[in-house]
Amino acid sequence: MNILRKRLFAFLLAITFLFLSVTARVFYVQIVSGSELQSKAIDQWTRELPIRANRGNIVDRNGVVLAGNSQSYAVYVRSRSVTEPEKVSEILSEILEVDKQKLLDKIRSDNVSEITVKTKVEKSVIDKISEYDLGGVYFSVDNTRIYPYGDLLCQILGYTSSDGSGQTGLEKRYDEYLKGYDGDILYEADLIGRDLSGSTAKYIAATDGLNIRLTVDYEVQQICEAVMAEAYDEYSPKSAAVIVLEPSTGKILATSQKPSFDLNFIPRDDLQTLNKLGRSSIISDSYEPGSTFKILTAAANIEEYLKGNKNAFSLDYIFNSSRFRYVGGRAIKCWSTHANGKHSNENLAAALNNSCNPCFVDIALSLGKEVMYDYIDAFNYGKVTGVDFDGEALGMLVPEISVTDGDLARIGFGQTIAVTPLQLAAATAAAVNGGIYYEPYFVEEIFDNSGKIAEIINPKQKGRAISEEASRILAGYLENVVTEGSGKQAYIEGYKIGGKTGTAQKYSDGVIAAGKYVMSFVGFFPADNPQYLALCIVDEPVGGLYGSTVAAPLVRKIFEGIINSKGIEKSI
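Residues numbered from 1 in each chain as written. Predicted model: local features only at pLDDT ≥ 70, side-chain atom pairs only at ≥ 80, totals over all residues. Heavy atoms only, no water.

Draft legend 1. Just the overall build of the protein chain, in detail. Helix and strand counts for the protein chain stand at 19 helices and 21 strands. When the 572 residues of the protein chain are sorted by exposure, 51% land in the buried category. For the protein chain, restricting intrachain contacts to residue pairs at least 6 apart in sequence, the fraction spanning at least 24 positions comes to 72%. Looking at the protein chain as shown, the accessible area adds up to about 27,300 Å², and 50% of this sits on carbon and sulfur atoms. (Helix = DSSP H or I, 4+ residues; strand = E, 2+ residues; numbered from the N terminus. Buried < 20%, exposed > 50% of the residue type's maximum accessible area, 1.4 Å probe, protein only. Contact = heavy atoms within 4.5 Å. Areas by Shrake-Rupley, 256 points an atom, 1.4 Å probe, with all protein chains shown as cover.)

As structure tokens, then:
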């Protein structure tokens, strides 16, 4: 009896164990691994064709589309569903202009179940192929990136790769927002990839990418493009570039650089040319700014004077009228000969008007390297501005611990330091907008196709560079530069324009390159409440003499274009 009970107990225990094992397996298969196994089953018994998501548009601040999409199609061949390989290869090769033999070899290969024959195909071509009713040939919606205005803003917008992902510029920087998520068309198929008769396709919709709204103003951009093209034709420089900022926010309203290229016809087969033309010199390249940097030195002196620093010169102080300063045993001279009393009786305002190097040497050496470097840091030189664009350069700055008196003297008037145009534009904006440094930026809003806002990017203050009073005084001095001094060719009657010229020598192998200059002008208006600031740089213009004669007139033309476009009335 005991033996029978033991056997019955063992049997029941075995049955219970078996039941629990089966239950656990069912739970594992259906619950734990259900999704994975279902995916494997779908993958095994279906074949899919991609539905490309529409890449988000890039629009200007007013909604003008600068980068959009044109609907196109992709042609695929499912080789195991092709019953007439020769016919399919012949027709597709003729219509799509692809190699017939290569296509035929792929169709006959056992290693390839699905072949992408061609992408970016127009609807009319798809209609033509459809007339032949070719078995095993499928179509899918594709998209082609288009740029309605060709080379407009080409270095900033950037472009996409052949698979539609962002490759350079804002297309790359904001790719995660722009790209969207592809969908699929699923076809039921047998184990070797042949379509099952009577089956229906399952449609999984694509999710379109988000759109980005730029701070760029299309009207201002067009004005800049036209003026830079004119400058490039007139002076045959290595390059001509301009950036326009809104000083009170850091918004980049326009930036143009010549030479350029059409974004719809990217020279991908000439990488050297593409890299040269596609690089934003305004953000990624550094140059010696020359006299435009005197704005910082003047700002430092004014602020320190207002603070009571005895090493700062009073605003009425008359500088030594000698053309020369001797620092570290070397002579530093003014661009002017000082003949016939020129540059005599100069205070700070007059020194800015005349762009007199010795006066700014005096200021830099008197303030000392610690104070000067404090202002260099406050105006964000020697570091990135933080602009929402990849590849921003730092510029070049002698470490404070290593700077000599000779270095400091030259930094005072814009030598022995290299900056990016964006750094100089943003720093000048801070100098004249009331003293606040704003981080420059391109994108102000991200939104979907229904208009729903996903993200708003607001102006970002990085700190105070100088006091409001110092900024007001400096802006007034820079207005005098345009009305009375070296910036006269930027003057527009009835409008308060401020600015500063710059003519910087270029170097080759560590020595001055004879006859090679970078000519620039940074201007802003209205001078007493700046709404627009433009920095124009012309590299090695042929026939140009100074920033005052080359770059200043270009900024005037840009401001005149803005005044006419926006209907800005005279203020004086």
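There is more to say after this.
Draft legend 2. Highlighting the side chain of Ser-256. Take Ser-256: it is sitting in strand β10 (residues 251-258). Since its relative accessible area comes to 1%, Ser-256 is described here as buried. Side chain to side chain, Ser-256 and Glu-225 meet in a polar contact 3.2 Å long. Other than its neighbours up to four places away in sequence, Ser-256 contacts Gln-221, Cys-224, Glu-225, Met-228, Ala-240, Ala-241, Val-242 and Ile-282. (Polar contact = N/O pair within 3.5 Å; in protein donor to acceptor, adjacent residues only side chain to side chain.)

Draft legend 3. How the structure looks around the packing of helix α12 (residues 294-307) against helix α14 (residues 357-367). Two numbers describe how α12 lies on α14: the axes approach to 10 Å, and their chain directions differ by 50°. The pairing of α12 with α14 is recorded here as oblique in orientation. Judged by the twist between their axes, the crossing of α12 over α14 is left-handed. Within the contact between the two elements, α12 uses Lys-294, Thr-297, Ala-298, Ala-300, Asn-301 and Glu-304 and α14 uses Asn-357, Phe-360, Ile-363, Ala-364 and Leu-367. For the contact of α12 with α14, the residue count by class is six nonpolar, three polar and two charged. (Axes fitted to C-alpha atoms, helices over the stretch in contact; angles between N-to-C directions. Parallel < 35°, antiparallel > 145°, perpendicular 65-115°, else oblique. Left-handed = near helix turned anticlockwise from the far one by under 90°. Nonpolar A, V, L, I, M, F, W, Y, C, P; charged D, E, K, R; others polar.)

Draft legend 4. Broad picture of the nonpolar core. Within the largest apolar cluster, 99 residues are counted, with the highest numbers of intra-cluster contacts made by Leu-214, Phe-360, Phe-379, Tyr-381, Phe-442 and Leu-474. In terms of residues, this core owes the most to one element, helix α17 (residues 421-432), which gives nine residues. When residues no more than four places from it in sequence are discounted, the contact partners of Phe-442 are Ile-156, Leu-170, Arg-213, Leu-214, Thr-215, Val-216, Ile-252, Thr-255, Ile-283, Val-387, Asp-388 and Phe-389. In this structure, Ala-490, Tyr-495, Phe-525 and Val-538 belong to the second largest nonpolar core, which totals 33 residues. (Core = buried A, V, L, I, M, F, W, Y, C linked by side-chain atoms within 4.5 Å.)

Draft legend 5. The arrangement of the pattern of salt bridges in detail. Within the structure shown, the criterion is met by 21 salt bridges. A salt bridge links Asp-217 to Lys-566, with the nearest nitrogen and oxygen atoms 2.7 Å apart. Linking Asp-217 in the loop between β8 (211-214) and α9 (218-235) with Lys-566 in helix α19 (residues 547-566), this pair joins segments that are 349 residues apart in sequence. You can call Asp-217 buried: its relative accessible area is 5%. (Salt bridge = Lys/Arg side-chain N within 4 Å of Asp/Glu carboxyl O.)

Draft legend 6. Spatial organisation of a nonpolar patch on the surface. A cluster of nonpolar residues, Trp-335, Leu-545 and Tyr-546, forms a patch on the protein surface that exposes about 370 Å² of accessible area. Within the fold, Leu-545 resides in the loop between β21 (532-539) and α19. Judged by its relative accessible area of 57%, Leu-545 falls in the exposed class. (Patch = residues over 30% accessible without salt bridge, like charges linked within 9 Å, V, L, I, M, F, W, Y side chains within 5 Å.)

Draft legend 7. Geometry of the pairing of strand β12 (residues 330-333). Bridge count for strand β11 (residues 324-327) against β12 is four bridges, and the pairing is antiparallel. Among the inter-strand pairings, Tyr-326 is bridged to a residue of β12, identified as Ala-331. Where β11 hands over to β12, the hairpin turn is made up of two residues, of which Gly-328 adopts a positive phi near 60°. (Pairing = 2+ DSSP bridges.)

Draft legend 8. Region of interest: the packing of α12 against helix α15 (residues 369-378). Their axes nearest at 10 Å, the elements α12 and α15 cross at an angle of 115°. As the angle between them shows, α12 and α15 are arranged roughly perpendicular. Note that α12 runs across α15; the crossing there is right-handed. Only Val-371, Met-372, Tyr-375 and Ile-376 of α15 make contact with α12, whose side of the interface consists of Leu-296, Thr-297, Ala-300, Glu-303, Glu-304 and Lys-307. Counted by class, the contact of α12 with α15 contains six nonpolar, one polar and three charged residues.

Draft legend 9. Broad picture of the side chain of His-338. Examined against the element boundaries, His-338 turns out to sit in the loop between β12 and α13 (348-354). Among the polar contacts listed, one links the side chain of His-338 to the backbone oxygen of Ser-321, at a separation of 2.7 Å. A polar side-chain atom of His-338 sits 3.2 Å from a polar atom in the side chain of His-343. With near-sequence residues (within four places) excluded, His-338 lies in contact with Ser-321, Ser-322, Arg-323, His-343 and Cys-356.

Draft legend 10. Region of interest: the state of the cysteines. In total, this model carries zero disulfides according to the counting rule given. In this model Cys-356 remains outside any disulfide bridge; the closest cysteine sulfur is found in Cys-334, 3.8 Å from its own. The class for Cys-356 is buried, based on a relative accessible area of 1%. Free of any disulfide, Cys-536 has its nearest neighbouring cysteine sulfur in Cys-224, separated by 8.9 Å. (Disulfide = S-S within 2.5 Å.)

Draft legend 11. Inspection of α9 at higher detail. With 18 residues, α9 extends 26 Å between its outermost C-alpha atoms, agreeing within 8% with the 26 Å of an ideal straight helix rising 1.5 Å per residue. For α9, the set of buried residues is Tyr-218, Val-220, Gln-221, Ile-223, Cys-224, Glu-225, Val-227, Met-228, Ala-231 and Tyr-235. As for α9, its buried residues are in contact with β3 (65-78), β9 (239-246), β10, β21 and α19. Measuring from the side-chain oxygen of the N-cap residue of α9 to the backbone nitrogen of Glu-219 gives 2.9 Å; that N-cap residue is Asp-217. Looking one or two residues past α9, Ser-236 carries a phi angle of roughly 45°, positive in sign. (Expected span 1.5 Å × (residues − 1).)

Draft legend 12. Quick look at the packing of aromatic side chains. Under the counting rule described, the total for this entry stands at 11 aromatic pairs. The interplanar angle of 20° and the centroid separation of 6.2 Å between the aromatic rings of Phe-324 and Tyr-326 together place this pair among those described as stacked. Assessed through its relative accessible area of 63%, Tyr-326 is described here as exposed. Members of the aromatic cluster, connected to one another through ring pairs, are Phe-313, Tyr-317 and Phe-319. The ring centre of Tyr-138 lies 4.4 Å from the NZ or CZ of Arg-78, which sits over that ring. (Phe/Tyr/Trp six-rings, centres within 6.5 Å; stacked < 30°, edge-to-face > 60°. Lys NZ or Arg CZ within 6 Å of the ring centre and 35° of its normal.)

Draft legend 13. Seen up close, unusual backbone geometry. A cis geometry characterises the amide bond from Lys-258 onward to Pro-259, with omega recorded as 5°. In this structure, Pro-259 sits in the loop between β10 and α10 (271-278). In the segment running from Phe-525 into Pro-526, the intervening peptide bond is cis, with an omega of -15°. By the element assignment, Pro-526 lies in the loop between β20 (511-525) and β21. Although it is not a glycine, Leu-153 adopts a positive phi angle of roughly 60°. For Leu-153, the position within the fold is in the loop between β5 (137-146) and α6 (154-157). Under the relative-accessibility criterion, Leu-153 is labelled buried at 1%. Located in the positive-phi region is Glu-540, a residue other than glycine, with phi close to 55°.

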